[in-house]
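Results of the structural survey
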Amino acid sequence: MDKFDVIIIGSGPGGYVAAIRAAQLGLKTAIIEKHSELGGTCLNIGCIPSKALLASSDHFVFAKKDAAKHGIKLDGVSLDLPTMLARKDKVVKTLTGGVRALMKGNKVTTFTGSATITEPGKVRVQPNDGDATEIAADHIVIATGSVPVNLPSMPFDGETIVSSTEALCFEKPPAKLLVIGGGAIGLELGSVWARLGSEVTVLEFLPRIALGCDLEMATLLHRARTSQGMKVPPDTETSSLKLHDGRAIARAPNGRPQSPVPRTTAHPLDRSRQVADG
């Protein structure tokens, strides 16, 4: 059994930074990640791909609507979504590869698989294929990150009702997109698809969107999103969703249904994550 000074479970920004610092302080360090790539939610299916799409969609809007104001004439501007998504994937791959290089450079041992703390100081690593490995350490850091919230009244089906993960890689912009939750990831992805041509509605059951932000900032953000064409009604709780002919119909507590939409992205918490986000 391999013995380390510290084992870190999870390779997101919390985990990999802790691993680097521990190694720099002279500790024999191991990091465990259940997915094939390091970087956690943030780098793989969260902040980074979302920001990549925000940047690309912003360029698209500039080329289509604003370039002429600067004396730049562009004819026949059109969306090449596969190329945009490929750029997003390249950005992600570059950064996750950088994290792996940092682990190697700081002599951090990397294990791929699901981690289970079997007893104090011992962790079993079960890879997707093959036998489990047991390792030990004086200290264990739990940095397991987050997962999308699957609400009982509106479970994800991966097609019509999706999480933020699927919303990062739609094959084409949905005609209508209903985003449940006005936190960071809901607003980011709603903005991306609104820029690319979707009719987007963001439902937030709290008094305003981005409740964790400064009031003035949240007000400006609301104004910017509505000027972009997004519908962002506050104080609108979604009690249930039902599917009809491949479309989702959301219902508020007062019984008034929202317009049927072909895609619904559920983000009931800020960043649509239940645990500390990476």
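For the structure itself, consult the block above.
All of the points below concern the structure found in this document. Residue positions are given per chain, counting from 1 as you read along its sequence in written order. In keeping with the predicted nature of the model, local features appear solely for residues at pLDDT of at least 70, side-chain atom pairs appear and are counted solely at 80 or more, and the whole-chain, interface and lining totals rest on all residues. With hydrogens and water stripped out, all remaining heavy atoms of the structure feed into the side-chain values.

On to the overall build of the chain. Helix and strand counts for the chain stand at seven helices and 12 strands. Considering only C-alpha atoms, the chain reaches an extent of 60 × 50 × 40 Å along its principal axes. Exposure classes here rest on a 1.4 Å probe applied to the protein chains alone. A residue is buried below 20% of its type maximum, exposed above 50%, and partly exposed in between. Burial status across the chain gives 41% buried among its 278 residues. Here the Shrake-Rupley method, with its probe set to 1.4 Å, supplies the accessible areas, and only the displayed protein chains count as covering residues. Carbon and sulfur atoms make up 54% of the accessible area of the chain, which totals about 14,500 Å². Helix and strand assignments follow DSSP, with helices taken as H or I runs no shorter than four residues and strands as E runs no shorter than two, numbered in order from the N terminus.

Below, the discussion takes up the state of the cysteines. Note on terminology: disulfide denotes any pair of cysteine sulfur atoms within 2.5 Å. For the structure on display, the rule yields zero disulfides. The thiol sulfur of Cys169 is not disulfide-bonded, and the nearest other cysteine sulfur, from Cys47, lies at 16 Å.

Further remarks concern the pairing of strand 9 (residues 199–203). Counting buried positions over the five residues of strand 9 gives four, a clear majority of the element. The pairing of strand 8 (residues 176–180) with strand 9 spans five bridges and is parallel. The residue of strand 9 that forms the bridge with Ile180 is Leu203. Whether two strands pair depends on DSSP finding at least two bridges between them.

Moving on: helix 3 (residues 47–66). Here helix 3 is 20 residues long and its end C-alpha atoms lie 26 Å apart, about the 28 Å a rise of 1.5 Å per residue gives. All of the buried residues in helix 3 are Cys47, Pro49, Ser50, Ala52, Leu53, Leu54, Ser56, Ser57, Phe60 and Val61. Given a helix with a known number of residues, its expected span is that number minus one, times 1.5 Å.

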